[in-house]
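Structure assessment
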Amino acid sequence: MSAIDVTSSTRLADARITFADSGRQEQVVTASPLPDRWVYDLQTNTVTGVFNADESSAGVEQAFAELSEQWRSETAYMSLASEQANSFAYHQIIGMGKDALPLIFRELRDTTSDWFWALRAITRTNVNVKAEDKGNVHKIAEAWLEWGKRSGYVR
Amino acid sequence: MSASDPLLIHFPKLRDTGYDETSKATRDYNCLAWAAGETHRRWDPNEPNDYWPAVRAQTIPAFIAAYATRRYTLCDDGGLEEGYEKIAIYAIAKKPVHAARQLSDGKWTSKLGRDIDIKHPTVEGLKSAVYGEVEVYMKRAIIP
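1. Some words on the overall build of chain B
Regarding its fold elements, chain B presents four helices and seven strands. The order of α-helices and β-strands along chain B, N terminus first, is α-α-β-α-α-β-β-β-β-β-β. Over its C-alpha atoms chain B spans a radius of gyration of 14 Å, differing by no more than 12% from the 15 Å that the globule rule assigns to 144 residues. Each of the three principal axes of chain B carries a C-alpha extent, and together these read 40 × 35 × 30 Å. Classification of the 144 residues of chain B by burial places 54% in the buried group. Nonlocal contacts in chain B, meaning residues at least 24 apart in sequence, comprise 54% of its contacts between residues at least 6 apart. Total accessible area on chain B is roughly 6400 Å²; 53% of this is exposed by carbon and sulfur atoms. When the 20 positive and 20 negative side-chain charges of chain B are each reduced to one mean point, those points stand 3 Å apart.

Spelled out as C-alpha cells, the structure:
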C-alpha cells in the first residue's frame, strides 16, 4: 500500500483524493468522521481511511503479544513473582503503561498470576483480598478484574 | 524425555538422572506452596496478595521461619530418614528461589514455576542457573 495526497473538502465527512502522479482520475471518498490519513492500495485500487489510534492500538497489541511470549519462554520455571518480573521483556510491558492495561485484563482470567506484578507497577495501586484468599490466584484475578471494570479498562 | 526437551536445557543435570512428569502445568500454586504440601494457593514473600506465613523477605532466615510454621526444623542433609519428611531450599547467592520436597522413596518432587510438577531422583538434578543449589535442608516428623 502507498499513501496518496488528500485534500479535505469543506465538509469533514468528505475527502477529495488527488493522485500525486496525476495519471489517474480524481476520486472522492467519504467517511465520517474523517480519518487521520488515507491509504491507497495499488493492487485492489481501493482507498481506505486510517485512524492513528487504530494503528497505535494494533502496534501495542502486537508488541504486547511478542513480549508476553518472550517473557513466558524466559521465565517458565521461575516461581517467585519478583524473579519472573525481573525480565527485560516484562519491564518493556510495564513500560507500555496504561496502554497495556486492556490487553492485560483481557488475558487475566486465563493467565492470572502472570500479571499481578505488572498491574501493581502500572496502576500504582493494589487490590485487597481477604486474608483467607491470599495466594488464591483466581480470587486475586477477580479482584483485579473488578478494579479494571470500575476504572474503565474492562468492558 | 527428549534431547530437545526445554526442561533439560534449563536443568541439564536432569539428563543424567531423568525425571517424571507428575502433573499438568498450572498457575494455581507454586513450588514454595508445593513443598509445603499445598495446591490451592501460591506462597511468595514478595507478592503482597500471595500467602506467606512469616516475615516478608526473600532471605534464608525468612524461608526457614515460613516452613517452621509447618513444623519443619533445620537438618544436615537430604538423606532419607525413617519417620521424617524433608524439604530442600535452593538459593542463588543466598537468595532463595525454589523449594523441593522429599517423597517416601527418597526421591524428590518439585513444582517448576508456571510449568509442571516433576519427580526427580536427586536434589542435584535441579542444580542450575535457574535455581542455584540447595542452601538449606529442613525436616519434620511424619504424623501417622
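2. With respect to the nonpolar core
Counting residues in hydrophobic clusters, the biggest one holds 29 residues, and the most contacted among them are Phe64, Ile104, Phe105, Leu108, Trp115, Leu119 and Trp144 of chain A. At the level of secondary structure, the elements contributing two or more residues to this core comprise helix 1 (52–75), helix 3 (88–95), helix 4 (101–111), helix 5 (116–123) and helix 6 (137–150) of chain A. Excluding residues within four positions of it along the chain, Trp115 of chain A makes contact with Phe64, Ser68, Arg72, Tyr90, Ile93, Ile104, Glu107 and Leu108 of chain A. By size, the runner-up hydrophobic cluster in this structure holds 23 residues, among which are Ile60, Ile87, Ala91 and Val136 of chain B.

3. Comments concerning the interface of chain B and chain A
Facing 33 residues of chain B, the contacting portion of chain A comprises 31 residues. For the chain B and chain A pair, buried surface summed over both sides reaches about 2400 Å², with 46% attributable to carbon and sulfur atoms. Contact with chain A buries area across many residues of chain B, yet Arg27, Asn49 and Arg114 of chain B alone supply 34% of it, more than any other trio. Applying the counting criterion to the chain B and chain A interface returns three salt bridges.

4. Describing the packing of aromatic side chains
Here the structure, examined in full by the defined rule, presents 18 aromatic pairs over all chains. With a centroid separation of 5.5 Å and 65° between ring planes, the pair formed by Tyr77 of chain A and Phe11 of chain B is classed as edge-to-face. One end of the pair, Tyr77 of chain A, is in the loop between helix 1 and helix 2 (81–85); the other, Phe11 of chain B, is in the loop between helix 1 (6–10) and helix 2 (14–17), on a second chain. The exposure class of Tyr77 of chain A is buried, given its relative accessible area of 7%. Linked through ring pairs, Trp43, Tyr51, Trp52, Phe63, Tyr67 and Tyr72 of chain B together constitute an aromatic cluster. A cation sits over an aromatic face here: Arg120 of chain A above Trp117 of chain A, 4.9 Å from the ring centre. Over the aromatic face of Trp71 of chain A sits the side chain of Arg114 of chain B, whose NZ or CZ is 4.4 Å from the ring centroid.

5. A short note on the sheet that holds strand 6 (residues 117–120) of chain B
Residue and element names in this part refer to chain B. Reading across the sheet, the seven strands line up as 1-6-5-4-3-7-2 and stay open at both edges, with antiparallel pairing between neighbours. With one partner strand each, in any of the chains shown, strand 1 (20–21) and strand 2 (73–75) form the two edges of the open sheet. When strand 1 meets strand 6, the two strands line up antiparallel, connected through two bridges. From the neighbouring strand, Asp20 faces strand 6, where its bridge partner is Lys119. Helix 4 (residues 60–68) contacts strand 2, strand 3 (84–92), strand 4 (95–102) and strand 7 (133–141) of the sheet and is inclined by roughly 20° relative to strand 7.

6. Quick word on the environment of Asp16 of chain B
Residues and elements named next belong to chain B. Mapped onto the fold, Asp16 is located in helix 2. Given a relative accessible area of 70%, Asp16 falls into the exposed group. Sequence-wise, Asp16 and Pro53 are 37 residues apart; in three dimensions their C-alpha atoms are separated by 36 Å.

7. A few points about the confidence of the model for chain B
Summary statistics for chain B give a mean pLDDT of 96 and a share of 98% for residues scoring 70 or more. Scored as a whole, the predicted complex attains pTM 0.80, and scored at its interfaces, ipTM 0.92.

8. Topic: helix 4 of chain B
Turning to helix 4 of chain B, its buried residues are Ile60, Ala62, Phe63, Ile64, Ala66 and Tyr67 of chain B. If you follow the buried residues of helix 4 of chain B, they end up packed against helix 3 (31–35), strand 2, strand 3, strand 4 and strand 7 of chain B.

Parameters at a glance
Along each chain, residue indices are assigned from 1 in the same order as the chain's sequence is written. To read the labels, note that chains go from A and ligands from 1, taken in the order they are written. Given that this is a predicted model, residues contribute local features only at a pLDDT of at least 70 and side-chain atom pairs are listed and counted only at 80 or more, while totals for whole chains, interfaces and linings are drawn from all residues. Hydrogens and water are ignored here; the side-chain numbers use all heavy atoms of the structure. For the purposes of this entry, the term helix denotes a DSSP run of H or I that reaches at least four residues, the term strand denotes a run of E that reaches at least two, and both are numbered from the N terminus. Values of the radius of gyration come from C-alpha atoms, whereas the globule rule sets the reference at 2.2 Å times the count of residues to the power 0.38. Throughout this description, buried means an accessible area under 20% of the type-specific maximum (1.4 Å probe, protein chains only), exposed means over 50%, and partly exposed covers the range between. Pairs of residues are marked as contacts when any of their non-hydrogen atoms sit within 4.5 Å. Residue exposure ignores everything except the shown protein chains as possible cover, and the areas themselves are Shrake-Rupley values with a 1.4 Å probe. Positive charges come from Lys and Arg alone, negative charges from Asp and Glu alone, with His and the N- and C-terminal ends not counted. Taken as the charge location is NZ of Lys, CZ of Arg, CG of Asp or CD of Glu. Note on terminology: a nonpolar core comprises buried Ala, Val, Leu, Ile, Met, Phe, Trp, Tyr and Cys residues joined through side-chain atoms within 4.5 Å. Each of two parts loses accessible area, computed with a 1.4 Å probe, when they are put together; buried area is these two losses added. What makes a salt bridge here is a side-chain nitrogen of Lys or Arg within 4 Å of a carboxyl oxygen of Asp or Glu, nothing more. Any two of the Phe, Tyr and Trp rings considered here, Trp counted by its six-membered ring, make a pair once their centres fall within 6.5 Å; the pair's planes then place it as stacked at under 30 degrees, edge-to-face at over 60, or tilted in between. Over a ring means this: the NZ of a Lys or the CZ of an Arg is within 6 Å of the ring centre and within 35 degrees of the ring normal. At least two bridges found by DSSP between two strands is the condition for calling them paired. To get an axis, fit a line to the C-alpha atoms, keeping to the stretch in contact for a helix; angles then go from 0 to 180 degrees between the N-to-C directions. Confidence per residue, as judged by the predictor, is encoded in pLDDT with a range of 0 to 100.

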